[in-house]
Amino acid sequence: MLIDGHGRTVNYLRVSVTERCNFRCQYCMPEKPFSWVPKENLLSFEELFLFMKVAMDEGVNKIRITGGEPLLREGLDTFIKMINDYQPDVDLALTTNAFLLPQTAQKLKDAGLKRVNISLDSLKPKVAHHIAQKDVLAQVLLGIDKALEVGLGVKINMVPMKGINDDEILDIIDYCIERKIKVRFIEYMENSHASKSIEGMHGREILEKVKERHTIKALGREGASPSFNYVLDNGYEFGLIDPHKHDFCENCNRIRLTAEGNLIPCLYFDEALSIASSVKKGDIQGAADVLAQVLKDKPKENRWIEGELEEGQEVSTRAFYETGG
Ligand code: SAM
Ligand code: SF4
């Protein structure tokens, strides 16, 4: 079992397989040119897998593949099969913008993928275009339908932003009710890579919008999930991911591995240790030692503090497209 320096059990590994993306979301990587190619020192799937085996042997039983856009990485289905063959019981999921799901969902399901979390920030073509800086909506909606058709579990992630998509919170709930899928609203997390003009919504403002049409009851956090759950009068459950809340980090159970082999203890901070040289040499003990050190160093909490950012206050410099969110 993996225990961090604050006594929390860590059983969840998020693995980013690429920093590249086919979208340029305003809150994530708005300014990278579409032709941008990141450093070509990605770990191979075999190298990533060598570390993942160490983590699974030590008690990791939940793995999420993310990015950048993970579906851009060739051979992803083979990677998923490697993980699934090694530990079929592992809760294996993928976070994606769904653009490439229409043509990949079946292959991924066949390889052993169980669930997908899909980013859907708007149901209006122009707004979706504004957010992703590309005409994406029709293809994303097809991707969601395909995932459901092939039997993948689907959850929707939405990042509400003032003056951009804050008027669509209720529409996204209706869309999800219709398809019997859960939506999780994610508070915008301030970071130095995002568009400066973005103003996120606080969890309480998101809930106020929902209350314009529904009565809601708080259910609480589900185990170590970052999502606080609520139920509507009609029985529909949704989640709110609220990293600005002071109790958010109390049960944190996760660490993150980047495509270049950096092992990151907390989404907020820049600190990371590399497993790259160990896995390139096939040095399992070396990788296990780095893992032990990262767990020891895992911070107690992030610094997305409650309330608005004050003038001049530093935001996180950690890029979401690198850590995978
Ligand atoms: N490309 C995939 C996608 O968009 O789902 C996976 C990677 S993306 C970095 C993972 C998650 O991070 C997405 O749900 C996205 O909405 C979220 N995200 C990115 N930047 C964020 C920010 N500044 N605040 C809150 N969530 C963010
Ligand atoms: Fe790409 Fe996902 Fe970042 Fe959007 S949130 S730019 S889809 S990595």
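Residues numbered from 1 in each chain as written. Chains lettered and ligands numbered in written order. Predicted model: local features only at pLDDT ≥ 70, side-chain atom pairs only at ≥ 80, totals over all residues. Heavy atoms only, no water.

Novice: Mind showing me how you'd approach the pairing of strand 10 (residues 254–257) here?
Specialist: Every regular strand shows the same layout, with side chains that alternate between the two sheet faces. Of the two faces of strand 10, both are covered, the one formed by Arg-254 and Arg-256 as well as the one formed by Ile-255 and Leu-257. Where strand 10 and strand 11 (residues 262–264) come together, two bridges link them in antiparallel fashion. In the sheet register, Arg-256 faces strand 11, and the bridge partner there is Ile-264. (Buried < 20%, exposed > 50% of the residue type's maximum accessible area, 1.4 Å probe, protein only. Helix = DSSP H or I, 4+ residues; strand = E, 2+ residues; numbered from the N terminus. Pairing = 2+ DSSP bridges.)

Novice: Which parts of the structure should I look at to understand the site of ligand 1?
Specialist: In the vicinity of ligand 1, 20 residues are found, and the nearest of them are Tyr-27, Gly-68, Ser-119, Met-189 and Asn-191. Measuring from a nitrogen atom of ligand 1, one finds a backbone N or O atom of Tyr-27 at 2.9 Å. Within the backbone of Met-189, a nitrogen or oxygen atom sits 2.9 Å from a nitrogen atom of ligand 1. Across the complex, the protein chains shield 95% of the 540 Å² of accessible surface that ligand 1 would expose by itself. Here the shell around ligand 1 is composed, by residue class, of seven nonpolar, 11 polar and two charged. (Near = heavy atom within 4 Å. Polar contact = N/O pair within 3.5 Å; in protein donor to acceptor, adjacent residues only side chain to side chain. Areas by Shrake-Rupley, 256 points an atom, 1.4 Å probe, with all protein chains shown as cover. Nonpolar A, V, L, I, M, F, W, Y, C, P; charged D, E, K, R; others polar.)

Novice: Hey, could you run me through the packing of aromatic side chains in this one?
Specialist: Within a pair of aromatic rings, the relevant descriptors are the distance that separates the centres and the angle that separates the planes. Under the defined criterion, the tally for this structure stands at seven aromatic pairs. Both rings, one in Phe-49 and one in Tyr-86, keep their centres 5.8 Å apart while their planes meet at 85°; by these two values the pair is edge-to-face. Of this pair, Phe-49 sits in helix 1 (residues 45–57) while Tyr-86 is found in helix 2 (residues 76–86), placing the two residues 37 residues apart along the sequence. On the accessibility criterion, Phe-49 (10% relative accessible area) is buried. (Phe/Tyr/Trp six-rings, centres within 6.5 Å; stacked < 30°, edge-to-face > 60°.)

Novice: What is the right way to look at the site of ligand 2 in this model?
Specialist: What surrounds ligand 2 is the set Cys-21, Phe-23, Cys-25, Tyr-27, Cys-28, Met-29, Gly-68 and Asn-97. The residue inventory of the shell around ligand 2, partitioned by class, reads six nonpolar, two polar and no charged.

Novice: Quick question: what am I supposed to make of unusual backbone geometry here?
Specialist: Negative phi characterises most residues that are not glycine, and trans characterises most peptide bonds. Residues other than glycine seldom take positive phi values, yet Gln-133 does so here, at roughly 60°. With respect to the helices, strands and loops of the structure, Gln-133 is situated in the loop between helix 4 (125–132) and helix 5 (137–149). On the accessibility criterion, Gln-133 (32% relative accessible area) is partly exposed. Phi is positive for Lys-180, close to 55°, though the residue is something other than glycine. Within the secondary structure, Lys-180 is located in the loop between helix 6 (169–179) and strand 6 (182–186).

Novice: Please clarify how the side chain of Asp-121 should be interpreted in this entry.
Specialist: On the secondary structure map, Asp-121 appears in the loop between strand 4 (115–119) and helix 4. Nearest to the buried, unbridged Asp-121 among oppositely charged side chains is Arg-184, at 11 Å. From its side chain, Asp-121 meets the backbone nitrogen of Val-159 in a polar contact 2.9 Å long. Residues in contact with Asp-121, not counting those within four places in the same chain, are Tyr-27, Ile-131, Asn-157, Met-158, Val-159, Asn-165 and Ile-172. (Lys, Arg positive; Asp, Glu negative; His and termini not counted. Salt bridge = Lys/Arg side-chain N within 4 Å of Asp/Glu carboxyl O. Contact = heavy atoms within 4.5 Å.)

Novice: How should the sheet that holds strand 10 be read in this particular structure?
Specialist: One key point about sheets: their strands pair by backbone hydrogen bonds, in either a parallel or an antiparallel sense. One open sheet accounts for 12 strands, arranged 7-8-9-6-5-4-3-2-1-10-11-12; its pairing is mixed. Strand pairing shows two members of the sheet lacking a second neighbour, strand 7 (216–221) and strand 12 (273–274), which therefore form its edges. Alignment of strand 2 (residues 62–66) against strand 3 (residues 91–96), held across four bridges, turns out to be parallel. Across the sheet, Lys-62 pairs through a bridge with Asp-91, a residue of strand 3. Relative to strand 1 (residues 12–16), helix 1 is tilted by about 175°, and along the sheet it contacts strand 1, strand 2, strand 10 and strand 11. (Axes fitted to C-alpha atoms, helices over the stretch in contact; angles between N-to-C directions.)

Novice: Sorry, what's going on with the nonpolar core here?
Specialist: Across soluble globular proteins, you tend to see nonpolar side chains buried next to one another. If you look at the biggest cluster of nonpolar residues, it comprises 107 residues, and the most contacted ones within it are Leu-13, Phe-51, Ile-63, Leu-76, Phe-79, Ile-83 and Leu-263. The dominant element in this core, judged by the number of residues it contributes, is helix 1, at nine residues. The residues touching Leu-76, leaving out its near neighbours within four places in the chain, are Val-17, Phe-45, Ile-65, Pro-70, Leu-71, Leu-94 and Leu-108. (Core = buried A, V, L, I, M, F, W, Y, C linked by side-chain atoms within 4.5 Å.)

Novice: Teacher, can you tell me more about the state of the cysteines here?
Specialist: Note on terminology: disulfide describes a covalent bond linking the sulfur atoms of two cysteines. Taken as a whole, this structure holds zero disulfides when the rule is applied. Cys-249 takes part in no disulfide bond, and the closest cysteine sulfur to it belongs to Cys-266, at a distance of 6.1 Å. Not part of a disulfide, Cys-252 finds its nearest cysteine sulfur in Cys-249, a span of 6.5 Å. (Disulfide = S-S within 2.5 Å.)

Novice: Even after reading the chapter, I still don't get the environment of Tyr-12, so can you show me in this structure?
Specialist: Its location among the elements puts Tyr-12 in strand 1. Assessed through its relative accessible area of 3%, Tyr-12 is described here as buried. Beyond its immediate chain neighbours, meaning those up to four positions away, Tyr-12 contacts Val-60, Lys-62, Arg-64, Asn-253, Arg-254 and Ile-255. Engagement of the side chain of Tyr-12 in a polar contact is seen with the side chain of Arg-14, the distance being 3.1 Å. Here Arg-64 takes part through its side chain, which lies 3.0 Å from a polar atom of the side chain of Tyr-12.

Novice: How do you make sense of helix 3 (residues 101–111) when you look at a structure like this?
Specialist: Think of an α-helix as turning once every 3.6 residues; residues three or four places apart then point the same way. Taken together, the buried positions of helix 3 are Leu-101, Thr-104, Ala-105, Leu-108 and Ala-111. Axial view of helix 3: buried residues confined to an arc of 135°, hence all on one face. Pointing more than 90 degrees away from the buried face of helix 3 are the exposed residues Gln-103 and Asp-110. Where helix 3 is buried, its residues contact helix 2, strand 3, strand 4 and helix 5. (Arc of directions from axis to C-beta.)

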